[in-house]
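Understanding the architecture of this molecule
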Amino acid sequence: MNLESKVPEGPIQDKWDNHRFSMKLVNPANKRKYRVIVVGTGLAGASAAATCAELGYNVDAFTFHDSPRRAHSIAAQGGINAAKNYQNDGDSIWRLFYDTVKGGDYRSREANVYRLSQVSVNIIDQCAAQGVPFAREYGGLLANRSFGGAQVSRTFYARGQTGQQLLLGAYQALSKEIASGKVNMFNNREMLDIVLIDGHARGIITRDLRTGEIECHAADAVVLATGGYSNVYYLSTNAMNCNVTAAWRAYKRGAAFANPCFTQIHPTCIPVSGDHQSKLTLMSESLRNDGRIWVPKDKNDKRPAREIPEEDRHYYLEERYPSFGNLVPRDVASRNAKERCDAGYGVGATGYGVYLDFASAIGRLGKQAIKERYGNLFEMYERITAEDPYEVPMRIFPAPHYTMGGLWVDYNLMTTVPGLFAIGEANFSDHGSNRLGASALMQGLADGYFILPYTIGDYLARNEPGSASVDAKEFKETKEEVETRTDALVALKGKRPVDAIHRELGRVMWNECGMARTADGLQSALKKIPQIREEFWANASVPGSEGSLNQTLERAGRIADFLEFSEVMCLDALNRNESCGGHFREESQTPEGEALRNDEEYSYAAAWLYQGPDKSPALLKEPLQFENVALTQRSYK
């Protein structure tokens with residue numbers, strides 16, 4: 001198989017406009033003949049389902065929640081980027097494009113990133129028209145703040161709950177189409193497989209999480225908007241139900257999985273407090289606008305933070321990166337926090353934490369101004385830690401957050417399986433090896449509102465509508481495979497809870513394929529993961545049956561997929577013998593400890609193709625061309 005990116009010819013500024021004109025269209029009267037399945041109802045999925053339905057397509061939308069508005073996009077806090085230049089500070093589509101390519105450490109596809117930057121300006125208009133309550137300046141204009149990796153203010157926000165407000169906007173658009181009958185909403189359904197007919201995606205197999213019924217659903221195209229896989233680490237900022245299952249099922253049906261080792265460790269999370277935890281809590285990157293990060297200069301200084309004078313504090317980001325200071329990209333901030341803690345300067349009971357201090361901002365702006373910007377985040381922090389961040393600094397430490405890897409897609413957002421599309425965090429396309437803050441919401445809404453509705457039409461126009469039926473033998477065969485897998489999980493009656501095995505896997509992944517990676521560590525992980533997988537199938541405990549609500553069965557299925565996926569993730573990290581963005585190989589760093597790329601050998605997207613059980617996946621390479629942004633050693637000093 002060859003990877004065909006289908007990037008249009010011509011100047012990068014004209015590619016998307018020319019491509020939209022050259023794509024085939026579906027006559028409005030014919031759109032009602034087509035059916036599209038959208039799996040996931042976060043920002044990408046909800047916006048895609050609503051927009052496709054408004055265009056006239058029939059849409060079946062699926063969520064494993066009891067309501068589509070409970071998708072994990074609701075947890076996003078800090079903001080959404082757009083190149084509006086409302087602050088008149090030098091921003092532009094080109095600057096957002098440049099910052100994003102540089103922030104991703106030159107491991108993204110230029111054409112996709114430029115299109116994302118173009119579309120960003122439309123997203124804000126769309127959301128403001130929906131009534132999303134963005135923060136505003138005194139005169140009524142939309143406000144902006146800064147985020148890491150940029151020297152302009154381009155981030156639109158709604159206090160510290162931007163994701164929630166954007167999702168409510170998409171949810172009301174989706175609800176309108178549900179009410180009109182153009183969207184059939186399937187709640188409490190988990191997608192467990194893709195159905196292929198003549199090599200094309202023509203439907204999915206789901207499990208009703210309330211009744212246990214295995215169901216078949218047919219369509220003319222399938223869209224996966226199922227998020228990322230950070231829960232492979234067990235502890236992450238993701239909701240506990242977030243998983244890799246949908247993408248992994250697609251992978252095993254022939255969809256290449258690109259750059260699985262590109263994971264993001266977010267620098268601004270509440271530190272782990274003990275072994276009892278099952279989830280970590282994110283403190284928005286927006287806090288780094290006004291919070292100053294520091295540790296004591298003396299590693300033996302155990303005084304309370306407020307008793308440590310300025311001359312005894314090390315504001316290490318401001319010292320090391322004077323141009324960007326506390327607003328360096330996430331991977332840089334995370335590695336520096338880890339380095340300070342590993343050197344013995346960490347704070348808190350565990351020593352794995354640094355201070356995020358708002359005293360200077362409160363003194364400069366006043367407590368009320370800080371409360372208006374970040375009040376709900378401060379309240380969340382106090383509820384969790386019993387410490388008042390208005391009075392004492394927050395303690396933060398890096399934690400798994402976002403995944404830049406995902407299903408490989410071409411310029412049209414279609415995977416290597418015809419008719420199967422992946423959008424939002426489920427694909428790999430826009431962020432390279434590191435995502436800049438406030439760009440996840442931008443990509444999800446860009447894909448759902450403004451890109452997929454065009455490109456899926458081009459695919460549908462080339463295919464007859466209604467060509468798939470749940471009565472086809474392919475549906476029966478795939479359903480039987482799902483039932484066999486489910487039966488195997490229910491038959492697990494060992495002695496170990498499935499979550500304990502997941503925690504064991506997560507510890508291996510964090511230690512060997514987390515913030516810092518080595519060849520020896522990755523090879524060790526590749527030996528340990530099969531052992532943990534063997535332990536799972538020999539000694540895991542799944543009580544209950546498949547014929548009813550069974551949350552342990554749900555978790556067991558997701559963990560089984562993580563136990564397979566993690567091996568490909570480590571294989572990808574071992575193969576990429578360079579450092580770039582969030583993928584940091586200790587063998588490959590500059591004298592200053594920064595990521596050192598190897599552009600001659602690794603300037604490509606690594607796409608892994610399933611070859612069958614107990615066989616190593618095949619590696620496909622999409623060369624990355626940089627015609628508009630020069631390849632240079634990334635610097636934020």
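Note that the coordinates shown come from a computational prediction; the quantities given were computed from them, not determined experimentally. (Residues numbered from 1 in each chain as written. Predicted model: local features only at pLDDT ≥ 70, side-chain atom pairs only at ≥ 80, totals over all residues. Heavy atoms only, no water.)

**Looking at the nonpolar core**
It is characteristic of soluble globular proteins that their nonpolar side chains tend to be buried jointly. I80 and F536 are the most contacted members of the largest nonpolar core, which has 131 residues in total. Non-local contacts of I80, meaning those with residues more than four positions away in its chain, are made with I123, I124, F134, R154, T155, F156, T162, L166, A438, L441, M442 and L445. In terms of nonpolar packing, the next biggest core, distinct from the first, is built from 30 residues, V295, F358, I362 and L377 among them. (Core = buried A, V, L, I, M, F, W, Y, C linked by side-chain atoms within 4.5 Å. Buried < 20%, exposed > 50% of the residue type's maximum accessible area, 1.4 Å probe, protein only. Contact = heavy atoms within 4.5 Å.)

**Digging into the domain arrangement of the protein chain**
For the protein chain, the assigned domains are domain 1 (265-401) and domain 2 (480-623). If you average the C-alpha positions of domain 1 and of domain 2, the two centres end up 30 Å apart. Buried surface at the junction of domain 1 and domain 2, summed over both partners, amounts to about 850 Å²; 59% is from carbon and sulfur atoms. By the criterion of area lost to domain 2, the three top residues of domain 1 are I265, R335 and K338, representing 53% of everything that side buries. (Domains from an automatic or database assignment. Buried area = accessible area lost by both parts, 1.4 Å probe.)

**Re the environment of L25**
By the secondary structure assignment, L25 is in the loop between α1 (15-22) and α2 (28-31). Classification of L25 by relative accessible area gives exposed; the value is 72%. Once the C-alpha coordinates of L25 and R136 are considered, the two residues, 111 residues apart in sequence, prove to be 39 Å apart. (Helix = DSSP H or I, 4+ residues; strand = E, 2+ residues; numbered from the N terminus.)

**So, the sheet that holds strand β11 (residues 263-269)**
The strand order across the open sheet built from 5 strands is β11-β15-β14-β12-β13, with neighbouring strands paired in antiparallel fashion. Only two strands of the sheet have a single partner each, and these edge strands are β11 and β13 (313-314). When strand β12 (residues 292-296) meets strand β14 (residues 354-357), the two strands line up antiparallel, connected through 3 bridges. When the bridges of β14 are listed, R292 appears paired with D357. (Pairing = 2+ DSSP bridges.)

**Digging into a negative patch on the surface**
On the surface, E477, E480, E483, D487 and E546 cluster together to form a negatively charged patch. Mapped onto the fold, E477 is located in helix α13 (residues 473-490). (Patch = residues over 30% accessible without salt bridge, like charges linked within 9 Å, V, L, I, M, F, W, Y side chains within 5 Å. Areas by Shrake-Rupley, 256 points an atom, 1.4 Å probe, with all protein chains shown as cover. Salt bridge = Lys/Arg side-chain N within 4 Å of Asp/Glu carboxyl O. Lys, Arg positive; Asp, Glu negative; His and termini not counted. Charge placed at Lys NZ, Arg CZ, Asp CG, Glu CD.)

**Regarding the packing of helix α3 (residues 43-55) against helix α6 (residues 162-180)**
Their axes nearest at 8 Å, the elements α3 and α6 cross at an angle of 35°. Remark: the crossing between α3 and α6 carries left-handed chirality. Between α3 and α6, the contacting residues are L43, A46, S47, A49, A50, A53 and E54 on the first element and L166, L167, A170, A173, L174, K176 and E177 on the second. Residue composition of the contact of α3 with α6, by class: 10 nonpolar, 1 polar and 3 charged. (Axes fitted to C-alpha atoms, helices over the stretch in contact; angles between N-to-C directions. Left-handed = near helix turned anticlockwise from the far one by under 90°. Nonpolar A, V, L, I, M, F, W, Y, C, P; charged D, E, K, R; others polar.)

**Digging into the pattern of salt bridges**
Scanning the entire structure with this criterion turns up 49 salt bridges. D60 serves as the salt-bridge partner of R35, at 2.9 Å between the closest nitrogen and oxygen. Of the two residues, R35 sits in strand β1 (residues 35-39) while D60 sits in strand β2 (residues 58-62), which places them 25 residues apart along the sequence. Exposure remark for D60: the relative accessible area of 6% places this residue in the buried category. One salt bridge connects E567 with R533, and the closest N-O pair in it is separated by 2.9 Å.

**Focus: the packing of helix α14 (residues 498-513) against helix α16 (residues 551-575)**
Axis separation between α14 and α16 bottoms out at 10 Å; the angle between their running directions is 20°. Comparing their axes, α16 and α14 come out roughly parallel. Between α14 and α16 lies a crossing of left-handed hand. Where α14 approaches α16, its residues V498, D499, H502, L505, M509 and C513 are matched on the opposing element by T552, R555, A556, I559, F562, L563, S566, M569, C570 and A573. The residue inventory of the contact of α14 with α16, partitioned by class, reads 11 nonpolar, 3 polar and 2 charged. (Parallel < 35°, antiparallel > 145°, perpendicular 65-115°, else oblique.)

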